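A closer look at the structure
Residues per chain, in single letters:
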Amino acid sequence: MSRLARCALFAATFAAPLPLAAQDRETRPIIVASKPFGESYVLAEMFAQILEARGFRVDRRLGLGATEIAFGALRNGAIDVYPEYTGTGLLAILGERPSSDPLLVFGRVSREFRDRYGVRWLPPLGFQNTYAIAVRRETARRFGLATLSDLARVGPRIRAGLTPDFIGRADGLPGLAKAYGLRLASVRALLPAVKYQALAAGEVDVIDGYSTDGLIARYDLVVLRDDRGFFPPYEAAALVGPALATRMPGAVAALTELSGRLREQEMRELNRRLEVGGEPVAHVASDALQELGLTGPAAGGARPATERRAGVAAYLWEQRGRILDLTARHLLLVAVSLAAAVALALPLGLALERRPAGAESVIRGVGLLQTVPSIALLAFMIPLLGIGVVPALVALFLYSLYPILRNTYTGVRGAAPEAVGAALALGMTPGQVLRYVRLPLAAPVIMAGIRTAAVIDVGTATLAAFIGAGGLGDPIAAGLALSDTRMILSGALPAALLALVVDAGLGAVERRLVPGR
């Protein structure tokens with residue numbers, strides 16, 4: 001065990017109450033989350049399984065967005081624990097200068113997170129997972145690359161494929177630019193699993209990885225040495241929210257059982273099984289806990305090799321129950337948000353038709369919401385509404401407003417002038433003209449807006465997985481993180497089919513509302 005792990009474990013042993021109170025087991029489920037990359041999935045699943053083995057109920061929210069989203073959710077109490085790294089806490093969250101001493105880094109983040117946010121770092125798990133800047137072996141030979149200083153020397157000739165998190169973080173590309181004077185020919189934002197494929201295919205020349213990634217060995221990559229010691233220690237640890245730390249000491253004690261138990265080579269093997277072998281996260285985590293002696297066989301078992309090699313059709317059939325559950329949740333998100341948008345946008349469009357002077361300004365203002373990237377809008381919701389279904393519903397509701405509002409106003413405003421004139425000549429009131437003439441004539445245009453909003457909602461709702469709302473985005477996000485095409489298709493195909501079904505259903509409603517269509 002490292003000096004840091006021993007010291008932290010010793011402190012935790014005397015600082016945290018160890019007896020597991022019966023009332024701890026009977027409270028709400030503990031929400032365990034992860035960030036969207038393989039190792040985070042494995043560690044979060046290990047947290048979840050050891051808690052379940054100790055009698056706690058657990059709700060998994062795996063694959064949340066980048067550090068800012070996961071940590072924001074923890075601070076706001078939307079989640080209770082997720083795996084984090086001390087170097088990330090020091091640079092990306094606290095914004096402080098790097099240090100090469102693991103003990104100093106852990107002590108600093110422990111104090112500052114407790115004092116600023118009420119968040120607790122548990123003793124490190126026993127391994128570091130620092131950034132690994134990697135290139136193909138052929139690229140290393142061609143340019144004579146062994147260190148990051150070498151990379152800086154030829155940077156203007158190098159194309160980079162980096163994760164969005166790394167591009168913007170102080171301990172990522174901006175920090176490397178300052179420390180090494182690194183300037184690259186081009187930088188492309190790539191998802192964690194996609195970047196390895198892009199590097200292997202020659203689409204980029206360098207990527208950011210992690211030292212415990214199983215894909216480094218799979219693709220025979222060369223990791224460039226950090227010769228100036230820029231990257232701080234990245235000790236993996238459980239980061240615990242205020243509510244769990246104060247109200248459920250037994251859960252904290254259960255999570256602390258993992259402290260100091262994992263080595264870098266062991267974590268690399270677990271990642272290899274997940275990322276290269278394609279084994280399910282739950283089985284990899286279960287095997288790891290059994291090997292550590294922390295759980296028994298009842299917690300799970302290794303997946304048969306034949307099951308791991310199942311094709312797409314077999315996998316979809318095997319997952320049919322889960323796909324149906326996710327589809328139902330996805331449809332619920334779409335239906336509730338769409339109904340709320342119709343309830344607001346339809347009467348608003350009718351009201352604006354009576355006051356056309358400011359109508360376009362209002363509609364354009366609502367249309368500005370469409371320019372906000374959906375994942376950014378979802379992230380903005382976290383400080384206000386936390387994570388889960390509620391912020392997802394609000395975001396989908398906001399995205400649905402514009403097409404319904406625009407089509408309602410345009411349809412009613414542009415209803416056949418001759419028919420409206422005839423109705424007024426017959427003595428009908430404006431309200432009667434609206435109800436019996438304008439609305440029936442505008443119905444096809446209004447329904448077109450509703451159908452457009454519905455299809456947009458089905459697609460946008462897949463991104464709700466990044467804030468823990470569930471739905472068909474869950475397997476898509478997990479598949480992207482784990483480079484599992486079958487998993488991606490198990491969410492993408494039902495989502496595409498659902499969009500067609502929803503549009504067809506609304507088309508049937510339109511035919512009933514508009515005879516002769």
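Cut-offs applied
Residues numbered from 1 in each chain as written. Predicted model: local features only at pLDDT ≥ 70, side-chain atom pairs only at ≥ 80, totals over all residues. Heavy atoms only, no water. Salt bridge = Lys/Arg side-chain N within 4 Å of Asp/Glu carboxyl O. Helix = DSSP H or I, 4+ residues; strand = E, 2+ residues; numbered from the N terminus. Buried < 20%, exposed > 50% of the residue type's maximum accessible area, 1.4 Å probe, protein only. pLDDT = per-residue confidence, 0-100. Contact = heavy atoms within 4.5 Å. Phe/Tyr/Trp six-rings, centres within 6.5 Å; stacked < 30°, edge-to-face > 60°. Lys NZ or Arg CZ within 6 Å of the ring centre and 35° of its normal. Pairing = 2+ DSSP bridges. Axes fitted to C-alpha atoms, helices over the stretch in contact; angles between N-to-C directions. Patch = residues over 30% accessible without salt bridge, like charges linked within 9 Å, V, L, I, M, F, W, Y side chains within 5 Å. Areas by Shrake-Rupley, 256 points an atom, 1.4 Å probe, with all protein chains shown as cover. Right-handed = clockwise from strand over helix to strand, strands pointing away. Expected span 1.5 Å × (residues − 1). Bend = angle between axes of the 7 residues up to and from the residue. Parallel < 35°, antiparallel > 145°, perpendicular 65-115°, else oblique. Left-handed = near helix turned anticlockwise from the far one by under 90°. Polar contact = N/O pair within 3.5 Å; in protein donor to acceptor, adjacent residues only side chain to side chain. Nonpolar A, V, L, I, M, F, W, Y, C, P; charged D, E, K, R; others polar.

Here we take up the pattern of salt bridges. Per the stated rule, a full pass over the model turns up 29 salt bridges. Its salt-bridge partner being D208, residue K195 comes within 3.7 Å of it at the nearest N-O pair. Of this pair, K195 sits in helix α11 (residues 192-200) while D208 is found in strand β8 (residues 206-210), placing the two residues 13 residues apart along the sequence. In this pair, the class of K195 matches that of D208, namely buried. D484 is the partner of R486 in a salt bridge, and the nearest nitrogen-oxygen pair spans 3.5 Å.

This brings us to the confidence of the model for the chain. With 88% of its residues at a pLDDT of at least 70, the chain reaches an overall mean of 85. A low-confidence stretch, residues 1-26 stays under pLDDT 50, and its non-local contacts, those more than four residues away or across chains, total 43 contacts. Of the regions scoring below 50 in pLDDT, residues 299-308 engages in 22 contacts with residues more than four places distant in sequence or in other chains.

With the rule as written, the count across this model stands at 12 aromatic pairs. Aromatic pair F113 and W121: ring centres 5.4 Å apart, planes at 75°, arrangement edge-to-face. An angle of 10° between the planes, with centres 6.3 Å apart, marks the rings of Y196 and Y219 as stacked. In this pair, Y196 is assigned in helix α11 and Y219 in the loop between α12 (215-218) and β9 (221-223), connecting sequence segments 23 residues apart. Among the residues examined, Y196 registers a relative accessible area of 3% and is labelled buried. When its relative accessible area of 26% is taken as the criterion, Y219 is described as partly exposed. Directly above the aromatic system of W317 lies the positively charged group of R320, at a separation of 4.0 Å from the ring centroid.

This part is about the sheet that holds strand β7 (residues 186-189). A sheet is described by the order of its strands in space; here 5 strands give the open sequence β7-β6-β8-β5-β9, paired in mixed fashion. Lying at the two open borders of the sheet, with one neighbouring strand each, are β7 and β9. Across the sheet, the mean angle from the axis of one strand to that of its neighbour is 35°, orientation sign disregarded. Bridge count for strand β5 (residues 131-136) against β9 is 3 bridges, and the pairing is antiparallel. Residue pairing across strands places V135 opposite V222, the latter belonging to β9.

Our next topic: helix α5 (residues 86-93). For α5, a buried count of 7 out of 8 residues is recorded, marking the element as mostly surrounded by other parts of the structure. Among all positions of α5, only T86, G87, T88, G89, L90, L91 and I93 are buried. Among the structural elements, α4 (67-75), β3 (81-85), α6 (102-117) and β4 (120-121) are those in contact with the buried residues of α5. At the C-terminal side of α5, G95 shows a positive phi close to 70°.

Among the 5 residues in strand β10 (residues 236-240), 5 count as buried, and that is most of the element. Residue alternation in β10 divides its side chains into two sets, A236, A238 and V240 and A237 and L239, and both sets are buried. Pairing geometry for β4 and β10, over 2 bridges, is antiparallel. Looking across to β10, one finds that R120 is bridged to V240.

Moving on to a nonpolar patch on the surface. Residues L384, L385 and V390 make up a contiguous nonpolar surface patch of about 300 Å² in total accessible area. With respect to the secondary-structure elements, V390 resides in helix α22 (residues 389-413). We classify V390 as partly exposed; its relative accessible area is 48%.

Burial along strand β1 (residues 30-33) is two-sided: I30 and V32 facing one way and I31 and A33 facing the other are all buried. As a crossover connection, the stretch from β1 through helix α3 (residues 38-53) into strand β2 (residues 58-61) is right-handed.

Right, let's talk about α22 for a bit. Owing to its 3.6 residues per turn, the α-helix brings residues three or four apart onto one side. Over its 25 residues, α22 extends 36 Å from the first C-alpha to the last, a length consistent with the 36 Å expected when each residue adds 1.5 Å. Of all bends in α22, the biggest is about 30°, found at L401, and the proline P403 comes one to four residues later.

We now examine the packing of helix α25 (residues 473-482) against helix α26 (residues 485-513). Packing of α25 against α26 brings their axes to within 7 Å, and their N-to-C directions diverge by 155°. With respect to their mutual orientation, α25 and α26 come out roughly antiparallel. In terms of crossing hand, the pair formed by α25 and α26 is left-handed. Where α25 approaches α26, its residues P475, I476, A478, G479, L480 and L482 are matched on the opposing element by M487, I488, S490, G491 and A492.

All right, on to unusual backbone geometry then. The phi angle of most residues is negative, glycine excepted, and most peptide bonds adopt the trans form. One non-glycine residue, D220, adopts positive backbone phi at about 55°. Topologically, D220 is positioned in the loop between α12 and β9. Taking the relative accessible area as the measure of exposure, D220 reaches 42% and is therefore partly exposed.

Attention now moves to the side chain of D165. Its place among the elements puts D165 in helix α9 (residues 164-168). What makes D165 buried here is its relative accessible area of 17%. Only 3.2 Å separates the side chain of D165 from the side chain of T67, close enough to count as a polar contact. With residues near it in sequence (within four places) discarded, D165 still touches A66, T67 and E68.

The next point concerns the packing of helix α21 (residues 374-385) against α22. Running from N to C, α21 and α22 point in directions that differ by 135°, and their axes come no closer than 9 Å. Classified by the interaxial angle, the pair formed by α21 and α22 is oblique. When the axes of α21 and α22 are compared, the crossing they make is right-handed. Only V390, P391, A392, V394, A395, L398 and Y399 of α22 make contact with α21, whose side of the interface consists of S374, L377, L378, M381 and L385. Tallied by class, residues from the contact of α21 with α22 come to 11 nonpolar, 1 polar and no charged.

Moving on, we come to the environment of L316. Among the structural elements, L316 can be located in helix α18 (residues 312-318). Each C-alpha atom of the pair L316 and G491 lies 9.6 Å from the other, and the pair is 175 residues apart in sequence. Sequence-distant contacts of L316, defined by excluding residues within four places in its chain, comprise I323, L489, S490 and L493.

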